[in-house]
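# Descriptive structure summary
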Amino acid sequence: MRVNVIGMGYIGLPTALMMASHGVNVVGTDYNKNLVDELQKNGKVFEEKGLSELFSAAVKAGIRFSTEYQKADIYIVSVPTPYLKKSRKIDPKYVVAACKSVLEICDDGAILVVESTISPGTIDHCVRPLIGGKKIRLAHAPERIIPGNMLHELVHNPRTIGADDKETAETVRSLYASFCEAEIVLTDIRTAEMSKVVENTYRDINIAFANELAKICHEAGMDVYEVIRIANRHPRVNILNPGPGVGGHCISVDPWFLVGDFPNLTPLIHSARNVNDSMPEYVYNRICEIMAEKQISSFSRVGLYGLTYKENVDDTRESPTLQLLELLEQKHLDSAPVVYDPFVNKDMVPNQVHDLHEFLSKTDLFVLMVGHSEITNRPELLSEKTVLDTRNVFSLEGIYKL
Ligand SMILES: NC(=O)c1ccc[n+]([C@@H]2O[C@H](COP(=O)([O-])OP(=O)(O)OC[C@H]3O[C@@H](n4cnc5c(N)ncnc54)[C@H](O)[C@@H]3O)[C@@H](O)[C@H]2O)c1
């Protein structure tokens, strides 16, 4: 079976490597020539536990990388799916462009699997009309893996495959079963589209609840973590951790697809999004309170630790720190905070430093935005600092929390 995976990003690359290292004949295609050059040189394109080893195994098994789409029996499209800021609907342009390119080259009988997360109805409205007279079969196989533990989850997470008919679904299932050891549920395309978006929306709403509790408890002078710890003793309660906001390419994006398509039916989903989007401003307010209390007069002595959207990964998309920095820019403050992230080597924002000790030396108020283990393993480095821990990772005396 020949497989062409389109989009060699955070999802497409590990998926292609997994398949290749399990005996599937795979070509990974991306229109970004620099990325393909890097992959062909066996270069590391992003940080992920075990990725280098998997890469070597896949290369040994014969994976190839190309900017060209290939003749294949199955195409897997794993390209970005942002939302349109105004309408909140999915912006399907990357999926549509990739599917058009597949249709230009594929033979009758091929299966086109959209793996990107898409709003319910996207395949019917945006992909099916492109097929014309070709005899192509369509499927949707959304991904659930979490950056930081992707390779384990690729093997062990249950997955969903939506297709128009059982035979197509079974063929796609057998491809994913080459490496996935968990249950693979078969359904129709729209149900697969909806269930994936619903999963991330569920997470967003539950995070929003925890964040709202953090605000309430701060106002009431109470310890939200203690409240949650006790409430979670109830056998049917499982409140998540509050945090500085929600970032990444999934949880902060996918719920908008439902709000965009069903604006009158989604007050809860919409308001959860707003609560999570309000957290960087809440962190800003906490910083101002602490600065006043500790008589720190300039933002240039505030250090934001972490630029990524979660710990121990290098993905900065939609990160709460970037949201906070944008907010600070809008406030036209006299000075900007110092920023550091051990996973981000390139200069992304003003006042960014690339050395932890330099960062600490420039910082009176240390704001932990991301709990990278670099710092959570060495809390003693913060013993002399004023600390705002937005992730509740430290149990240091006298530190500030959300
Ligand atoms: N990153 C995650 O943790 C995660 C988890 C689950 C699902 N998803 C979903 O997976 C999809 C892909 O996300 P990602 O994080 O891998 O994105 P990404 O931005 O890391 O990678 C996408 C890649 O697709 C390439 N590309 C775009 N259009 C192309 C085209 N027409 N032809 C060839 N290449 C093209 C880009 O150059 C890029 O390298 C999205 O729908 C996302 O919501 C992501």
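Residues numbered from 1 in each chain as written. Predicted model: local features only at pLDDT ≥ 70, side-chain atom pairs only at ≥ 80, totals over all residues. Heavy atoms only, no water.

### What about the packing of helix α12 (residues 279-294) against helix α13 (residues 320-330)?
Look at α12 against α13: their axes get within 9 Å of each other, and the N-to-C directions meet at 65°. Between α12 and α13, the angle falls in the class roughly perpendicular. Considering how the two elements wind past one another, α12 and α13 form a crossing that is right-handed. On α13, the residues that touch P280, E281, V283, Y284 and I287 of α12 are P320, Q323, L324, L327 and L328. Classifying every residue of the contact of α12 with α13 gives eight nonpolar, one polar and one charged. (Axes fitted to C-alpha atoms, helices over the stretch in contact; angles between N-to-C directions. Helix = DSSP H or I, 4+ residues; strand = E, 2+ residues; numbered from the N terminus. Parallel < 35°, antiparallel > 145°, perpendicular 65-115°, else oblique. Left-handed = near helix turned anticlockwise from the far one by under 90°. Contact = heavy atoms within 4.5 Å. Nonpolar A, V, L, I, M, F, W, Y, C, P; charged D, E, K, R; others polar.)

### So, the site of the ligand
With respect to spatial proximity, 25 residues lie near the ligand, and among them I11, D30, Y69, T81 and R317 are the closest. One nitrogen or oxygen atom from the main chain of V79 is found 3.5 Å from an oxygen atom belonging to the ligand. Between the ligand and T81, the relevant distance is 2.6 Å, taken from an oxygen atom to a side-chain nitrogen or oxygen of the residue. Its free accessible area being 830 Å², the ligand has 92% of it covered by the protein chains. In the shell around the ligand, the residues fall into 13 nonpolar, eight polar and four charged. When residues of the shell around the ligand are assigned to domains, at least three fall in each of domain 1 (2-190) and domain 2 (201-401). (Near = heavy atom within 4 Å. Polar contact = N/O pair within 3.5 Å; in protein donor to acceptor, adjacent residues only side chain to side chain. Areas by Shrake-Rupley, 256 points an atom, 1.4 Å probe, with all protein chains shown as cover. Domains from an automatic or database assignment.)

### Observations regarding the side chain of R286
Mapped onto the fold, R286 is located in helix α12. Excluding residues that lie within four positions of it along the chain, R286 makes contacts with H218, L388, Y400, K401 and L402.

### Describing the pairing of strand β1 (residues 2-6)
Burial runs high along β1: four of the five residues are buried. By the bridge criterion, five bridges tie β1 to strand β2 (residues 25-29) in an arrangement that is parallel. Bridge pairing links I6 to T29 in β2. Once the chain exits β1 it traverses helix α1 (residues 12-21) before rejoining the sheet at β2, and the crossover so formed is right-handed. Pairing between β1 and strand β4 (residues 74-77): four bridges, direction parallel. From the neighbouring strand, V3 faces β4, where its bridge partner is I74. (Buried < 20%, exposed > 50% of the residue type's maximum accessible area, 1.4 Å probe, protein only. Pairing = 2+ DSSP bridges. Right-handed = clockwise from strand over helix to strand, strands pointing away.)

### A short note on the sheet that holds strand β7 (residues 159-163)
Spatially, β3-β2-β1-β4-β5-β6-β7-β8 is the arrangement adopted by the eight strands of the open sheet, whose pairing is mixed. Both outer strands of the open sheet, β3 (64-66) and β8 (184-187), are each paired with one neighbouring strand and no more. Averaged over all adjacent pairs, the angle separating strand axes in this sheet is 25°, with direction ignored. On top of the sheet, helix α7 (residues 166-176) reaches β1, β4, β5 (111-114), β6 (137-140), β7 and β8; it is set at about 150° to β7, its chief contact.

### Quick look at the pattern of salt bridges
Under the counting rule described, the total for this entry stands at 23 salt bridges. Between D315 and R317 there is a salt bridge, and its shortest N-O distance comes to 3.0 Å. What makes D315 buried here is its relative accessible area of 3%. Among the residues examined, R317 registers a relative accessible area of 30% and is labelled partly exposed. (Salt bridge = Lys/Arg side-chain N within 4 Å of Asp/Glu carboxyl O.)

### A word on the domain arrangement of the protein chain
If you check the domain split of the protein chain, you get domain 1 (2-190) and domain 2 (201-401). For domain 1 versus domain 2, the distance between C-alpha centres works out to 32 Å. Contacts between the two partners involve 18 residues from domain 1 and, on the opposite side, 17 residues from domain 2. Counting each side, the surface lost to burial between domain 1 and domain 2 is near 1500 Å², with a carbon and sulfur contribution of 60%. When the buried surface of domain 1 facing domain 2 is broken down by residue, Y10, Y83 and R88 rank first, second and third, together holding 36% of it. At the junction of domain 1 with domain 2, the criterion picks out one salt bridge. (Buried area = accessible area lost by both parts, 1.4 Å probe.)

### Quick look at unusual backbone geometry
One non-glycine residue, H332, lies in the positive phi region at around 50°. By the secondary structure assignment, H332 is in the loop between α13 and β10 (338-340). With a phi close to 55°, N392 is a non-glycine residue in the positive phi region. With respect to the secondary-structure elements, N392 resides in the loop between β13 (386-389) and β14 (400-401).

### Concerning the packing of aromatic side chains
In this structure the tally under the stated criterion is ten aromatic pairs. Between the aromatic rings of Y83 and W256, the centroid separation amounts to 5.8 Å while the plane-to-plane angle is 35°, which identifies the pairing as tilted. Remark: W256 occurs in helix α10 (residues 254-261) and Y83 occurs in the loop between β4 and α4 (93-105); sequence separation between them is 173 residues. Ring centres 6.0 Å apart and planes at 70° place the aromatic pair F359 and F366 in the edge-to-face group. Three or more aromatic residues joined by ring pairs make a cluster, and in this case those are Y305, Y340, F359 and F366. Here the basic side chain of K85 rests over the ring of Y83, its NZ or CZ set 4.7 Å away from the ring centre. The ring of Y225 carries K401 above its face, with NZ or CZ at 5.6 Å from the centroid. (Phe/Tyr/Trp six-rings, centres within 6.5 Å; stacked < 30°, edge-to-face > 60°. Lys NZ or Arg CZ within 6 Å of the ring centre and 35° of its normal.)

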